[in-house]
Amino acid sequence: MRYVRGAWLGAAILGLALAAAGCQGDSQPGEGEGGAGAAGGPPRRRIALIYKATTNPFFQAMEKGAREKAKEVGCALEVVGIESESDADKQADAVRIMLNRGVGAIVITPASSVGIVATLLRAQEAKVPIINIDNRIDPAEARKQGLRVATFIGPDNFQGAKKVAAYACELIQKNLAEGKKGRVLVLRGIDGVANAEARKAGFEAAVKEAGFEVADSQSAEWDTAKAQTATGAMLSANPDVQGILCANDKMALGAIAACKGRDLVGKIVIVGYDNIDLAREAMKRGEMQATIEQNPAMMGALGVEAAMKVLGGGTLEPETPVPVQLITPDDV
Amino acid sequence: MPDLRSRITASRALVLAVVAVALVAFFAVCSAVEEGTGEWPRFLYRENVIDIAGSCAINLILAVGLTFVIIGGGIDLSVGRLIALANVMLVVLTNATGSLAVGVAGGLAAGVAAGLFNGALCVRFRIPSFIVTLGSMMIARGLALVAAGGLTIACQARAPVVLQRFLPIAVSVAAMLVGHVLLARTVFGRHVFAVGGNAETARLCGIRVGRVRVLTFVLSGLCAGLAGLVFWVRGGTGDPLAGDGLELYAIAAVIVGGTSLAGGRGSIVGTFLGALIMGVLAYGLLFMRVPTPWQWVIIGSVVIVTVLLDRLKRTE
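These numbers were taken from a predicted model, which means no experiment stands behind them. (Residues numbered from 1 in each chain as written. Chains lettered and ligands numbered in written order. Predicted model: local features only at pLDDT ≥ 70, side-chain atom pairs only at ≥ 80, totals over all residues.)

It is worth spelling out the overall build of chain B at this point. When helices and strands are counted, chain B shows 12 helices and 2 strands. What you see for chain B is a C-alpha radius of gyration of 20 Å, in line with the 20 Å of a compact globule of 316 residues. Once the C-alpha set of chain B is aligned to its principal axes, its extents read approximately 65 × 60 × 35 Å. For chain B, the residues scored as buried account for 56% of the 316 residues in total. Once local pairs closer than 6 in sequence are excluded, the contacts in chain B between residues at least 24 apart make up 78%. (Helix = DSSP H or I, 4+ residues; strand = E, 2+ residues; numbered from the N terminus. Rg over C-alpha atoms; globule rule 2.2 N^0.38 Å. Buried ≥ 20, exposed ≤ 12 C-beta atoms within 10 Å, placed from the backbone. Contact = placed C-beta atoms within 7 Å.)

And the structure:
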């Protein structure tokens, strides 16, 4: 058993070294502000931007917008992203790390709108204000655990969806025979997710206002392949529809693929959401008629601005809607 | 022969301990340089050290269970996804019955049942464990999503704030200690080594090889269940995508810790140090805000270099 003893010795040395290290410093999260100020220098205003999905162009644009704004207003911005949009535990680690680094405010788009609440409570305890951008922290869970968010800065998904759907209805109306009622299909995102529900409601509101009707509606869970299957099935049952409203661009691409098989491309109005590159390509080719730009860069910039304001003692509106833009083939 | 083996294992632990301390020191220096104030580096603040331990917990627990499977000559790829299954079962049952005890029991039972499933299939039908656990990894992913209804679900019960920080650490330390005693001090532990070293010889010696193998998978499943519990403690949710890809981190921790993939050799102490290295590295890179693509490159390099260091030292 000698080897076991030797091994434990190694472990024990390591444990002691860590323990000794841990006992030397006593951190007070959030002291970075006052601490540096007390030392005579100007108070350091460090802000953390914590986002998700580093490989998604949407969040890359958000980071860029935040960095430019930080440079403009002269604050130090610490950005940390996680690779997978679903890695909630890693993002929680990122929040803890930012608190331990002593940032003054946190700007965050949560990977898990429910799961992040428990970790953010620590920021609240340390009096570090939380600016929520893009994806809303679950309000019910936040209320239950007593988490207060300084502000929510996000796109108005309802208005965005309504805008793009209204544009689609307008296009359809132009080519519609007199006295005929427009009929459209709807491809929904993952049911129950806030963004998906808001977009669905926006679509329905616009369709109702135009006096059209939704012939059929299915969830394709944001997915291109699923959208293709769902569109195929819905088109078989409703061959007379004039438009397809898709809750994101990836599903719009699936709808286009389904229409290609039926030689309907260009004859049927297809709109999406998000303004991704592939959708812009499709619009150039005339396969798709419109999408929505959510301005992630502006979201990042507004997040930094809000953090600076609240650190400077200002107050914030509980919600700041970020304007969304309609993108048509003329824009691309 | 025992003498030679003892020296190898002890020297490995020393190499690993040095690597781990070096990593901590490296990040501390980086942190101090970045701060530039000449004060105690934030990386070594007490709060941060506690958070490092917390962030290592899930991987350490998984790796302890995996050590048994790998020493026994198998592999378990399902553990990452079993975290999600156990975690979701815990929350769903807690919400349905209003009793956290039922939820915790259900979560752990899900892990144990999955381990039993893995082990029984491997042993009874002689299917390689790589294949069985590859399949059960996918099944677990699907079942977790079904049970959660495709969404991250909130839990009615919540761990008190103090426990959120310290329970994961306590559970991981307990798993490690129990695992060490079980592996190094019991008859069962010796049987695991024997089965992994040479199953035929073990059988001729009267060891019930199949039973020992199944038990290693059950232990691995139980550990995944515990990790699912820890995930709930830390985040308070039932997340059907929890633990995605963590099996690879856990396998890396076990291998860095000196356990042979061929079976028959290894130790929990090594696994602990391996998990610590992996954990400190992942946390430290996030702390220094290294871009995620480079995090992968660095973590992969450290895995290889650590094993290489040990190899060089051994041939000396």
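Bringing the domain arrangement of chain A into the picture now. Assigned domains of chain A: these are domain 1 (28-149 + 297-321) and domain 2 (157-293). Taken over C-alpha atoms, the centre of domain 1 of chain A sits 35 Å from the centre of domain 2 of chain A. (Domains from an automatic or database assignment.)

The next thing to look at is helix α3 (residues 79-97) of chain B. Here α3(B) is 19 residues long and its end C-alpha atoms lie 26 Å apart, about the 27 Å a rise of 1.5 Å per residue gives. Taking burial as the measure, the 19 residues of α3(B) include 16 buried ones, the bulk of the element. (Expected span 1.5 Å × (residues − 1).)

This next bit is on unusual backbone geometry. Residue and element names in this part refer to chain A. A positive phi angle is found at K127, which is not glycine, with a value near 60°. Mapped onto the elements, K127 comes out in the loop between α5 (116-125) and β4 (130-133). When the 10 C-beta atoms within 10 Å are taken as the criterion, K127 is described as exposed. With a phi close to 60°, D263 is a non-glycine residue in the positive phi region. Looking at the element boundaries, D263 is found in the loop between α10 (249-261) and β9 (269-271).

What follows deals with helix α10 (residues 246-256) of chain B. α10(B) sits mainly inside the fold: 10 of its 11 residues count as buried. Among the residues of α10(B), those classed as buried are B:L246, B:E247, B:Y249, B:A250, B:I251, B:A252, B:A253, B:V254, B:I255 and B:V256.

Residues and elements named next belong to chain B. Within the secondary structure, F193 sits in helix α7 (residues 187-197). Expressed as a C-alpha distance, the spacing of F193 and I52, which sit 141 residues apart in the sequence, is 32 Å. Not counting residues up to four positions away in its chain, the partners in contact with F193 are I71 and G264.

What follows covers the nonpolar core. Judged by nonpolar contacts, the single largest core of 156 residues is most densely connected at A:I106, A:V107, B:I61, B:L62, B:L85 and B:I277. Not counting residues within four places of it along the chain, the set of residues in contact with B:I277 comprises B:L16, B:V19, B:A20, B:L23, B:V256, B:V302 and B:T306. Counting residues in each nonpolar core, the second largest holds 50 residues, with A:A168, A:V184, A:M283 and A:V324 among its members. (Core = buried A, V, L, I, M, F, W, Y, C linked by C-beta atoms within 7 Å.)

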